[in-house]
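Spelled out, the chains give:
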Amino acid sequence: MPQHLQDTVTLNNGVKMPWFGLGVFKVQEGQEVIDSVKAAIKNGYRSIDTAAVYRNEEGVGQAIAESMKEYSVKREELFITSKVWNSDQGTQTTLDAFDLSLKKLGLDYLDLYLVHWPVKGKYAETWKTLEKIYKTGKVRAIGVSNFHVHHLKDILADAEVVPAVNQVELHPYLSQVELREFNRSKGIQTEAWSPLGQGLVLQDTTITSIAEKYGKTPAQIVLRWDLQSGIITIPKSIREPRIVENAAIFDFELSPDDMAAIDGLNKNQRVGADPDNFNF
Ligand code: NAD
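Residues numbered from 1 in each chain as written. Predicted model: local features only at pLDDT ≥ 70, side-chain atom pairs only at ≥ 80, totals over all residues. Heavy atoms only, no water.

Within an unreviewed UniProt entry, the label attached to the protein reads Aldo/keto reductase, and the organism entered is Cohnella candidum. Annotation of the protein in UniProt includes, under Sequence similarities (unreviewed entry), the sentence "Belongs to the aldo/keto reductase family." (UniProt positions renumbered as here; feature names shortened; annotations may be inferred.)

Below you can see the structure in the form of structure tokens.
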């Protein structure tokens, strides 16, 4: 059980990844993303989740460079994730997309690179390309995102490298129990995107009443549920007080009954697209 914001989980290739990080989906390139990433690092976050399609990798890179100087953080203490976008899936296009992400971020290696979505007819070839990139040493771990069990089975049949991570939509209304179990059985770490359901689950009365009982906020309860469930979590906020609030979850523990109550909220409700049916 992680005890501290910077605690890590050891991925299937031995690389250590923080249990907790900042997501920057829909955070504007420029000052907005620079400020939020710097606020996170200043307040002890070490993991940042971006993607080529978020169009904010340059700002993330600038924030990393400034934070290393201003907050005396070393590159090797940070864990930076990016993802290959759907239109870049393939072989040469993926190699080029990876190099462009590195360049925009101003980094000479990434910690984790993910196949963003399982694009039909493309994702298996893209996985092979990530394996090639991994062998160059320019990325410390590779993984996938939005993969259902059948997508995973498909690539595992021919994989030289088992994905280190599967980053999927996961929150109390979509708890993904079967997928988590499959990931676990293959040594793939589950990571939650939209862990707060983009705010949807924060008004839930089960969660608000548990929050009152612990003297914590609903967001803190949901994020703590992730950690106690063995799930990496990357909530997004651009506001420093919320960035601090979201990370203040290492000083309490949900009881087994409260964990079960949150587990019971699942209704397979998505805030994003179904990986079997997306048109982007
Ligand atoms: P989220 O569940 O993290 O919700 C973020 C929103 O919740 C914020 O915009 C804010 O409105 C609200 N919020 C945050 N902290 C709060 C607090 N303490 N109290 C009240 N409200 C609060 O949603 P997200 O940004 O979609 O997901 C998190 C990250 O996951 C993204 O930023 C991105 O990095 C990643 N992601 C990945 C994929 C993928 O396809 N791989 C898709 C979506 C998101």
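Anyway, onward from the coordinates.
### Re unusual backbone geometry
Of note, Asn146 is a non-glycine position whose phi angle comes to about 65°, a positive value. Its place among the elements puts Asn146 in the loop between β7 (139-145) and α5 (149-156). With a relative accessible area of 3%, Asn146 lands in the buried category. Of note in this structure, Gln198 is not a glycine but carries a positive phi near 55°. (Helix = DSSP H or I, 4+ residues; strand = E, 2+ residues; numbered from the N terminus. Buried < 20%, exposed > 50% of the residue type's maximum accessible area, 1.4 Å probe, protein only.)

### Things to note about the UniProt feature "active site" (unreviewed entry) in the protein
In the UniProt entry, the feature "active site" (unreviewed entry) is given for Tyr54. Along the chain, Tyr54 falls in the loop between β4 (47-49) and α2 (57-70).

### Thoughts on the UniProt feature "site: Lowers pKa of active site Tyr" (unreviewed entry) in the protein
According to UniProt, the feature "site: Lowers pKa of active site Tyr" (unreviewed entry) maps to Lys83 in the numbering used here. Looking at the secondary structure, you find Lys83 in strand β5 (residues 79-84). Judged by its relative accessible area of 0%, Lys83 falls in the buried class. If we ignore the near neighbours within four places in the chain, the residues touching Lys83 are Asp49, Thr50, Ala51, Ala52, Tyr54, Tyr113, Leu114, His116 and Gln167. A polar contact is formed between the side chain of Lys83 and the backbone oxygen of Thr50, at a distance of 3.1 Å. (Contact = heavy atoms within 4.5 Å. Polar contact = N/O pair within 3.5 Å; in protein donor to acceptor, adjacent residues only side chain to side chain.)

### A look at the side chain of Gln220
With respect to the helices and strands, Gln220 occurs in helix α8 (residues 218-228). Its relative accessible area of 8% is what places Gln220 among the buried residues. From its side chain, Gln220 meets the backbone oxygen of Glu245 in a polar contact 2.9 Å long. In contact with Gln220, not counting residues within four places along its chain, are Glu245, Ala248, Ile249 and Phe252.

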